[in-house]
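Summary of the model geometry
In case you want the letters, here they are:
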Amino acid sequence: MNNAAGAPNPQDVAIVGMAGRFPGARDLEEFWRNLREGVRCISRFGEDEMAAAGVRSREFRAPGYVPASGVLADAEMFDAAFFGFTPREALVLNPQHRVFLECAWEALERAGYASGEYEGRIGVYAAGGQNEYLLNVLSHRSLRESVGEFQAFLWNSGSIATLTSFKLDLEGPSLNVQTACSSALVTVHLACQSLLTGESDMALAGGVHVATPQQRGYLATPGGIMSPTGECRPFDADARGTVGGNGVGVVVLKRLEDALADGDTVHAVVRGSAVNNDGARKVGYTAPRREGQVAVVTEALAVAGVEPGEVSFVEGHGSGTEVGDPIEVAALAAAFGGVAPGSCALGSVKANVGHLDAAAGAAGLIKAALALEHGEIPPTPGFARPNPRIPFEHTPFYVNTEARPWTPNGAPRRAGVSSFGMGGTNAHVVLEEAPELPPPGPSRPWQLLVLSARTPAALEAATDRLAAHLRAHPEQELADAAHTLRVGRRRFAQRRVLVCRGREDAAAALEARDPRRLLEAAQEREERPVAFLFPGVGDHYAQMARGLYESEPVFRREADRCAELLLEHTGTDVRAALFPGEAAGEPDAGAAVDLRAMLGRGAAAGEDPLRRTELAHPAVFTVEYALAQLWTSWGVRPDAMIGHSLGEYVAATLAGVFTLEDALALLAERARLIGGLPAGAMLAVPLDPPEVEPLLRDGLALAAHNAPGLCTVSGPAEAVAALEAELVARGVACRRLAAEHAFHSPAMEPVAGRLAERLRAMRLRAPRIPFVSNVTGTWIRPEEATDPGYWARHLCRTVRFAEGMEELLRDGSRVLLEVGPGRTLGTFALHAGAAEDAVFASLRHAYTRQADQAFLLETLGRLWMAGVRPDWAGFADGERRRRVPLPTYPFERLKYWVERRRRRRRGRV
């Protein structure tokens, strides 16, 4: 697998996902249990079952008739709505297409990829058996006519691969393969070639066979290939033939170097493969040819760069026929010439599930990959005595009869897989165990789990399955499971999110369905735009966002950058004011309330340095700018912005009007100038501007129109106190704000000119992101944003936030995200008519006992539920995460099946 430098060989292909349904096994976990326990899953049918399947009594009572087959459970069941089929289309659709579609979806999900969202090209290489269901459809004239003759034949054509590509939105090569029994393994060979030539970046390969009906037997003839006993006993003395079976298997393939770089789970590595044909030099078209099999195995080993003695298990074609088995072992012995006797185990999955026709090679490949992954060689059931025509003692091979550890001999475990087609197309694949991966890296202490489904019932099932999986797989990192759910699943309308800390917490919360923890919403809209709302001062508090500073590298980097730039202008490290003292213990995920802080009975207000304008303004800007950069790194990017007072400076900086360096220098100067002004006060008044304006006397001004019925008045402290007393006497509930100055009033005019002078020394640029002006209440124009006089007016004029919010809400699809402390702007937005499920906050209230990171992740989950599409790769940037196998989508299957109508014979007169 490795070249001399220790890097992955560029010719190696990884199996990163697998899915299958086989006789006696609804999934690969059950399939592996059956394999290692040596369970034979061939069903035998009674007369009633065969009669119900349309087998006439004279057939099943005929001498040599064997009522046995490997049955694929629920082949008539299908989640038609999930794949966009109408009930009538589903009725006429070839069952092989149905089960392959579902299996392909599951294989991609088990690989940790969402179909239709992978940036590269995914190819599909599929094989299907003979479609007998078409005869059922054609026997129902009314059904055929209701969907149209063309559609009836279309949904029963051999185009399994192209239909899969269409329904899963895959844009790589799409090929249907038919080489009889070897078809599925040939798809793997072709898929590997497509990956190695760069034609595909990932590929689905596999096969399916569903007989119609399944509950029927076959007529065994002396010397034929079908077993007269209903058993397939490969390589055994009593082997007399094979037994038919039904199943589906799909693997997801990717270049190994890409799989390792992308953190994929690697189940096994395809070192090399080969395909050939026997040609005409054999006794008949259906007869196997030793020389052709020798050549294909030898070529596959050469391509893989593997010596025969390095292979310790071969999953053979092993059909259990009197002619085929001796030829196969003789061919293997010739290809493995010189290897010590008894050094290589030999098996055949057909002993467990029967011969699956076009899916046979997929079953063998998946069996071998599972054996490599589990480090165990499963038995071949039914083997008692070696076939006397096979001289095992003179070959490297022995048939394994019980599950045993697969102990490597100082080298990677390696296996060969053979599949030989009736007609002469031979395929062989050389597999190797997956390379040892580095351990996953550290992650956030809090994790965000996301779940979605098309229906509420499916969402409930997905939740239960995830909870059970977390308890059953303690070896998986919770961070990897969370990452896989985010990057490896499509989004559907019914959504749930959970912020959790640890596996036990996650499983318990999923099981309890506590609505305070497990949040849910229904959302059909995708790619909703986001508007950032930047608050001014007022809701800020010491320790705000400390948890993010300590746990989020992007936030810390940007906050440090701001603090270091501010240092030369203020002479004070803003971080000391933001994060005084030692860090408090980390709260839990719940939003418990600190009543003392809420009622203002915590530390004395005078002790808070953030009450000083010179520190409060830089601190609030720093937190909001760092938060915005963090959101942006997670793919939550604004298409519009609005700020409130100081917040407009953050919006302008993100829009590119100011450089960060200029913005911080300007902000420090602005705060210093304001700090030198006489003290003032501000009062929140629950009235509209026409009601407030008659009250503006003694230097009072309308500082802000925040929302319908919500204004702020500012002015001299005495005048504000008098207005407060007057309003209280009238029964108007007003509230004094924590402000030391009369912002946005004529009291600011003495410094407005000096601010404009400072701005003239800076280069101002037109905004790259639209934002709404506080001064005009509508979208800022480039000539305004670049005018120093505008920012002087901004300091003194009324904040027209209500008008600005009305402008912002004209696009009803927008989600509003408050990027700063508190939820005041979100409250204003709700008063202005915003939908409650479209308004979100980034930071907790000062009095809420909840971890900052947990709060932020919960908001990210709420945004995802609301239709915002985060960049999950950006969210995981800096971590070493893996995609791990998780429960796949819980299909809601219904029965779609029509039985074949048989014509009644007219009796003789």
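Anything mentioned here points back to the structure above.
Sequence order as written defines the numbering, with residues in each chain counted from 1. Local features in a predicted model are, by the rule used here, given only for residues with pLDDT of at least 70; side-chain atom pairs are given and counted only at 80 or more, and totals for whole chains, interfaces and linings are based on all residues. The basis for every side-chain value is the complete set of non-hydrogen atoms in the structure, without hydrogens or water.

Observations concerning unusual backbone geometry
Peptide bonds are trans in most cases, and residues, glycine excluded, mostly fall at negative phi. Residue Pro-213 is bonded to the preceding Thr-212 through a cis peptide linkage, with omega at -5°. With respect to the element layout, Pro-213 can be found in the loop between β8 (202-209) and β9 (218-219). Positive phi, close to 80°, is recorded for Gln-543, a residue that is not glycine. Helical segments are the DSSP runs of H or I of at least four residues, strand segments are the runs of E of at least two, and each set is numbered from the N terminus.

What about the sheet that holds strand β1 (residues 13-21)?
Here, a strand pair is defined by DSSP locating no fewer than two bridges between the strands. The strand order across the open sheet built from eleven strands is β7-β6-β8-β10-β1-β11-β18-β17-β12-β13-β15, with neighbouring strands paired in mixed fashion. Edge positions in the open sheet fall to β7 (174-177) and β15 (397-399), since each of these has one partner strand only. For this sheet, the mean inter-axis angle between neighbouring strands, taken without regard to orientation, is 25°. Across eight bridges, β1 lies against strand β10 (residues 247-255) in antiparallel orientation. Bridge assignment links Gly-17 to a residue of β10, and that residue is Val-252. To obtain an axis, a line is fitted to C-alpha atoms, over the contacting stretch when the element is a helix, and the angle between two such axes runs from 0 to 180 degrees between their N-to-C directions.

Let's talk about helix α5 (residues 95-111)
Take the residue count of a helix, subtract one, and multiply by 1.5 Å to get its expected span. Over its 17 residues, α5 runs 24 Å from end to end, which matches the ideal 24 Å to within 8%, given 1.5 Å per residue. Burial analysis of α5 places 17 of its 17 residues in the buried class, the great majority of the element. In the analysis that follows, any N or O atom pair within 3.5 Å is treated as a polar contact, provided that within protein one partner can donate a hydrogen and the other can accept it, and provided that, for residues neighboring in sequence, both atoms belong to side chains. Among the residues of α5, the N-terminal cap falls to Asn-94, whose side-chain oxygen and the backbone nitrogen of Gln-96 are separated by 2.9 Å. Buried residues are those whose accessible area, probed at 1.4 Å on protein chains only, stays under 20% of the maximum for their type, while exposed residues exceed 50% and partly exposed ones sit between those limits.

Thoughts on the packing of aromatic side chains
Stacked, edge-to-face and tilted labels apply to pairs of Phe, Tyr and Trp rings (six-membered ring for Trp) whose centres lie within 6.5 Å, assigned for plane angles under 30 degrees, over 60, and everything in between, in that order. Overall, the coordinates contain 28 aromatic pairs when judged by the stated rule. Look at Phe-78 and Phe-85: their rings are 5.9 Å apart centre to centre, the planes differ by 55°, and that puts the pair in the tilted class. Like Phe-78, the residue Phe-85 is buried in the burial classification. Ring centres of Trp-634 and Phe-875 lie 4.9 Å apart, and the angle between their planes is 70°; this geometry places the pair in the edge-to-face category. A residue pair is termed long-range when its members are at least 10 positions apart, and Trp-634 in the loop between α23 (613-633) and β24 (638-643) and Phe-875 in helix α34 (residues 872-875) qualify at 241 residues. Phe-875 matches Trp-634 in its accessibility class, with the two residues each being buried. In this structure an aromatic cluster arises from ring pairing among Phe-78, Phe-82, Phe-83, Phe-85, Trp-105, Phe-492, Tyr-889 and Phe-891. Its end group placed over the ring of Tyr-133, Arg-98 keeps NZ or CZ at 5.5 Å from the ring centre. Throughout this description, the term charge over a ring refers to an Arg CZ or Lys NZ atom that lies within 6 Å of the ring centre and within 35 degrees of the ring normal.

Looking at the pairing of strand β17 (residues 414-420)
Consecutive residues of a regular strand have side chains that alternate between opposite faces of the sheet. Counting buried positions along β17 gives seven out of seven residues, so the element sits mostly inside the fold. Burial along β17 is two-sided: the face carrying Arg-414, Gly-416, Ser-418 and Phe-420 and the face carrying Ala-415, Val-417 and Ser-419 are both buried. Looking at chain direction, strand β12 (residues 313-315) and β17 are connected through three bridges and run parallel. When the bridges of β17 are listed, Phe-313 appears paired with Ala-415. Bridging between β17 and strand β18 (residues 425-433) involves seven bridges; their strand directions are antiparallel. Directly across from Arg-414, in β18, lies its bridge partner Glu-432. Two successive antiparallel strands, β17 and β18, enclose a turn made up of four residues, where Gly-423 displays a positive phi of approximately 115°.

Some details on the pairing of strand β26 (residues 701-707)
Within β26, seven of the seven residues are buried, leaving the element largely enclosed by the surrounding structure. The sheet contact formed by β26 and strand β27 (residues 710-715) spans five bridges and is antiparallel. Considered in β27, the bridge of Ala-707 is made with Leu-710. Hairpin connection, β26 to β27: the antiparallel pair is bridged by two residues, and Gly-709 has positive phi, about 75°.

A short note on the sheet that holds β26
Reading across from one edge, β26-β27-β25-β28 is the order of the four strands in this open sheet, with antiparallel pairing throughout. On the outer flanks of this sheet lie β26 and β28 (735-736), each paired with one strand and no other. In what follows, a contact means two residues having at least one pair of non-hydrogen atoms within 4.5 Å. Strands in contact with helix α27 (residues 717-729) are β25 (681-685), β27 and β28; relative to β25, the strand with the most contacts, it is inclined by about 25°.

With respect to helix α10 (residues 183-196)
With 14 residues, α10 should cover 20 Å at 1.5 Å per step; its first-to-last C-alpha distance of 20 Å lies within 8% of that length. In terms of burial, α10 is a largely internal element, eleven of the 14 residues being buried. Every buried residue of α10 is accounted for by Ser-183, Ala-184, Leu-185, Val-186, Thr-187, Val-188, His-189, Ala-191, Cys-192, Ser-194 and Leu-195. Once α10 finishes, Gly-198 follows within two positions and takes phi at roughly 85°, a positive value.

Some remarks on the packing of α10 against helix α15 (residues 360-374)
At their nearest, the axes of α10 and α15 sit 5 Å apart, and the two run at 65° to each other. Looking at the two axes, α10 sits roughly perpendicular to α15. Across the interface between the two elements, Ala-184, Leu-185 and Val-188 of α10 pack against Gly-361, Ala-362 and Leu-365 of α15. Looking at the contact of α10 with α15 residue by residue, the class counts come to five nonpolar, one polar and no charged. Should an angle fall under 35 degrees it is called roughly parallel, over 145 degrees roughly antiparallel, and 65 to 115 degrees roughly perpendicular, with every other angle called oblique. Side-chain classes are defined by residue name, with Ala, Val, Leu, Ile, Met, Phe, Trp, Tyr, Cys and Pro counting as nonpolar, Asp, Glu, Lys and Arg as charged, and the others, Gly among them, as polar.

Quick word on the state of the cysteines
When the sulfur atoms of two cysteines come within 2.5 Å, that pair is taken as a disulfide. Tallied over the full model, the rule gives zero disulfides. Summary of cysteine pairing: Cys-344 is not part of a disulfide, and the nearest cysteine sulfur, belonging to Cys-232, is at 19 Å.

Quick word on the pattern of salt bridges
We define a salt bridge as a side-chain nitrogen of Lys or Arg found within 4 Å of a carboxyl oxygen belonging to Asp or Glu. Enumeration according to the criterion identifies 62 salt bridges in this entry. Arg-844 is paired through a salt bridge with Asp-852; the nearest N and O atoms lie 2.9 Å apart. Taking the relative accessible area as the measure of exposure, Arg-844 reaches 14% and is therefore buried. Each member of the salt-bridge network shares a partner with another, and the members are Asp-12, Arg-271, Glu-310, Arg-414 and Glu-432.

Remarks on the environment of Met-18
Its place among the elements puts Met-18 in strand β1. The sequence separation of Met-18 and Phe-82 amounts to 64 residues, and the corresponding C-alpha distance is 21 Å. When neighbours within four sequence positions are excluded, Met-18 is seen to be in contact with Leu-28, Ala-107, Arg-110, Val-250, Val-251, His-267, Ile-366, Ala-369, Leu-370 and Glu-373.

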